[in-house]
Number of protein chains: 2
Amino acid sequence: MHNMRQMEVDKVVCSSRLSRVAVCGGTHGNELSGVYLVRELLKKEKKGTEEGEEEGEKLVSVKIVLSNPWATQQCRRYVNTDLNRCFTHATLNGPMTDMAPYELIRSRELNAMLGPKGSPQAMDLVCDLHNTTANMGLCLIAYSDSDWICLHIFRHLQRQMPDIPMRYIHFDIAKEESYSLDSVGKHGFAMEIGPQPHGVVRSNIYTAMKFGVQHMLDWVRSFNSGTIFDGGFVEVFTMVKHIDYPRDSESHNIAAAIHPQLQDRDFCLLHPEDPMFQMFSGETVRYKGKEPLYPFFINECAYYEKSIALSLARKRHIAIPAIRVMTDEEQQHADQQELASEEEEEEEEEE
Amino acid sequence: MHNMRQMEVDKVVCSSRLSRVAVCGGTHGNELSGVYLVRELLKKEKKGTEEGEEEGEKLVSVKIVLSNPWATQQCRRYVNTDLNRCFTHATLNGPMTDMAPYELIRSRELNAMLGPKGSPQAMDLVCDLHNTTANMGLCLIAYSDSDWICLHIFRHLQRQMPDIPMRYIHFDIAKEESYSLDSVGKHGFAMEIGPQPHGVVRSNIYTAMKFGVQHMLDWVRSFNSGTIFDGGFVEVFTMVKHIDYPRDSESHNIAAAIHPQLQDRDFCLLHPEDPMFQMFSGETVRYKGKEPLYPFFINECAYYEKSIALSLARKRHIAIPAIRVMTDEEQQHADQQELASEEEEEEEEEE
């Protein structure tokens, strides 16, 4: 077993150049680190354009986006509906009326700007900036546990920012069903940092996000310039299930808070019979699962309305191969092969 | 000096019975400790009524109020305007139209229910429950530094809850100009507890508030039953001024966050030249005042829109006298004197 995994790690995988990267903030208008970081980057971009191109721009083109300007202006998560649930294939391609919620209209604008999702024109990488009230440190959240680009970026951030607790969270959802803005890119992830109250910006969290984005772009430039990144092992937390608050049977209001012994202990193993909630009347409610699991998004503000008090994950170690960018020749060859396979598919469909 | 103060402390002041007390929560609909505590107390009250009166009810009648039900339902601070700024004499008695903001209408309902403000019918004591995102522990906030009832309750809470950092904050504003719900009572204060993100309930903060209210009501019952409470000295923080965030001159958006060395250090003395803000571009902004002062409400979420990054206070030690409730005879005598002085005033006005 170990030898096989060692081979995976030693293998060098070639991946397409990441020419176009999007950094998005304010997808949720009250998650302020991303809002103020994007505003700061846009200011720098404007100044840079006035002063002429910088060296790094030859290696990667970066698009800075304030995703939900209306919600940001009102300092609310969203105006009509959660923008970051609007990017499924079905929602992006469903019927559209004049009475559509603002975020449905905005999701199509963003899909046109950064996608279209699933097309060759889509951004090579979308990094969407988020905050959480949970004590989660810096997390990359992605739909894949085999996207070597995302996993290598994660490993790079871990090494560059050793003082920040950092995890990779994997939501095991099919590409078709993926719903968040970052799913519009060929590669993508949410960069989620906490704890920070929504509607507040804390300097330490803002700074962690700023460095996270800088190191991510540094890695992309280094990758594009031909660096070979060694393979290795990465710890991945795969989401297993959500748990709701105990609720009042009549009013459906929550009837308990996260137990003080669980609060702020994201990614600390939760064992069967550990305290999970404290009822407002005083009693303790315990974790009744049979398997010890890792809790995260503990007491996230925005998830009260989604009936999620916390989520639970299983931890695994994943072997990732070494990686380097394709040479121009390899890229041409790959493009031709893709074109050929598409034509084949079309022929099959016609038959 | 000290002898004179010692005399103040030894003197026993008589104060009217506190027959009717109001405990209000949800004045800001997203400050959830108060919202859930009030719901829990209402549930207990309903159950108590079904099961017959409890012993303590003979000593004090407690009215439990969810102040802003509409904002609470939406989990927002307010719907149209900040309810807790609507209780000035001018606002309560100004003109009223059909198009009035919801909170203006609600403030009059609450004034009718708990006041009218300044009248003999007003509640004897109003305790209004609040949360802050600032690291302030438990604070009583009041308009007076000579309301012995409020100061004795504060001292009682300090003694009963030694593990909770506790302060008394004094907003030096004339009764006429006092704007908050607690100003409707003959005595009143806000019980402000943090840090807790708005829209979130943390078990430790909820529990601190629950015990704070219990100990407050215990003190009132003990006072009403004739206990003499010793005088002594109390530390009081009097608000001196507010400080706004550095802002972008064009957009008026904030251009900095609270400096990491100041964040969470509420009530730790801020000296001239101490770091106060960190600009989003990186530079440090220092405190330029000439006098060391005590910061509080550092990075409170709801104050971004009020242009308050933090407030500064001066600390003083106040001598409070011993206190006991008036006997029935003393109360009758006091009532007669008050009546007489009112008649005198009316005569003077007629002249």
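Summarised in this report is the structure supplied together with it. Per chain, residue numbering runs from 1 following the sequence as it is written. Numbering of ligands from 1 and lettering of chains from A proceed in the order in which they are written. Under the rules for a predicted model, residues below a pLDDT of 70 receive no local features and side-chain atom pairs below 80 are neither given nor counted, while totals for whole chains, interfaces and linings still include all residues. Side-chain calculation: all heavy atoms of the structure are included, whereas hydrogens and water are not.

Residues and elements named next belong to chain A. Taken in spatial order, the three strands of this open sheet run E9-E10-E11, and their pairing is antiparallel. Edge positions in the sheet fall to strand E9 (256-258) and strand E11 (284-286), since each has one partner strand and no second. Looking at each pair of strands side by side, their axes are set apart by 35 degrees on average, direction ignored. Any two strands are treated as partners once DSSP identifies two or more bridges connecting them. Helix and strand definitions follow DSSP, with helices as H or I runs of at least four residues and strands as E runs of at least two, each counted in order from the N terminus. Bridge count between strand E10 (residues 275-279) and E11: three bridges; the pairing is antiparallel. Residue phenylalanine 277 lies in a different strand from E11, and its bridge partner there is valine 285. Angles run from 0 to 180 degrees between N-to-C directions of axes, and those axes are lines fitted to C-alpha atoms, restricted for helices to the stretch in contact.

Pairing of aromatic rings covers Phe, Tyr and Trp, the last counted by its six-membered ring, and requires centre-to-centre distances within 6.5 Å; plane angles under 30 degrees mean stacked, over 60 mean edge-to-face, and any other angle means tilted. The final tally for this structure, using the stated rule, is 30 aromatic pairs over all chains. Relative to Phe223(A), the ring of Trp219(A) has its centre 5.1 Å away and its plane inclined at 15 degrees; by these criteria the two rings are stacked. Of this pair, Trp219(A) and Phe223(A) both sit in helix H7 (residues 203-224), separated by four residues, roughly a single helical turn. Of the two residues, Trp219(A) and Phe223(A), neither departs from the other in class, the shared state being buried. Between Tyr143(B) and Tyr179(B), the aromatic rings sit 5.8 Å apart at their centres with planes inclined by 90 degrees, giving edge-to-face as the arrangement. With Tyr143(B) in the loop between strand E5 (137-142) and helix H6 (148-160) and Tyr179(B) in the loop between strand E6 (166-170) and strand E7 (187-194), this residue pair connects regions lying 36 residues apart in the sequence. Through pairs of rings, three or more aromatic residues link up here, namely Phe171(A), Phe237(A), Phe267(A), Tyr294(A), Phe296(A), Phe297(A) and Tyr303(A). Burial classification: accessible surface area is computed with a 1.4 Å probe over protein chains only, and a residue below 20% of its type maximum counts as buried, one above 50% as exposed, and the rest as partly exposed.

Let us now look at the pattern of salt bridges. Residue and element names in this part refer to chain B. The term salt bridge refers to a side-chain nitrogen of Lys or Arg lying within 4 Å of a carboxyl oxygen of Asp or Glu. In the structure shown here, the tally under the stated rule is 28 salt bridges over all chains. Aspartate 145 serves as the salt-bridge partner of arginine 316, at 2.7 Å between the closest nitrogen and oxygen. Remark: aspartate 145 occurs in the loop between E5 and H6 and arginine 316 occurs in strand E13 (residues 310-320); sequence separation between them is 171 residues. By relative accessible area, arginine 316 is classed as partly exposed at 33%. A residue is classified by how much of its surface remains accessible, and aspartate 145, at 22% relative accessible area, is partly exposed. Across the salt bridge formed by lysine 315 and glutamate 235, the nearest N and O atoms sit 3.6 Å from each other. Taken together, the residues span a long stretch of sequence, with lysine 315 in strand E13 and glutamate 235 in strand E8 (residues 232-243) at a distance of 80 residues.

Only heavy atoms matter for contacts: two residues are in contact if any of them lie within 4.5 Å across the pair. Chain A puts 31 residues into the contact, and the matching count from chain B is 31 residues. Each of two parts loses accessible area, computed with a 1.4 Å probe, when they are put together; buried area is these two losses added. A buried area of about 2,600 Å², summed over both sides, lies between chain A and chain B, and 52% of it is on carbon and sulfur atoms. When the buried surface of chain A facing chain B is broken down by residue, Arg202(A), Ser203(A) and Phe280(A) rank first, second and third, together holding 22% of it. Linking chain A to chain B there are four salt bridges. For the salt bridge of Lys43(B) with Asp248(A), the shortest nitrogen-to-oxygen distance reads 3.3 Å. Going through the elements one at a time, helix H2 (32-51), H7 and E9 of chain A are the ones with two or more residues in the side of chain A that touches chain B.

A word on unusual backbone geometry. Cis geometry marks the peptide bond from Gly194(A) to Pro195(A), where omega comes out at 5 degrees. By the element assignment, Pro195(A) lies in the loop between strand E7 (187-194) and H7. Within the chain, Asp264(A) stands out as a residue other than glycine whose phi angle is a positive 75 degrees. Residue placement: Asp264(A) occurs in the loop between E9 and E10. Positive phi outside glycine occurs at Asn299(B), with the angle close to 60 degrees. With respect to the helices and strands, the residue Asn299(B) is situated in the loop between strand E12 (294-296) and E13. Of the residues examined, Asn299(B) reaches a relative accessible area of 1% and is grouped as buried.

The values are spatial; any link to function lies outside them.
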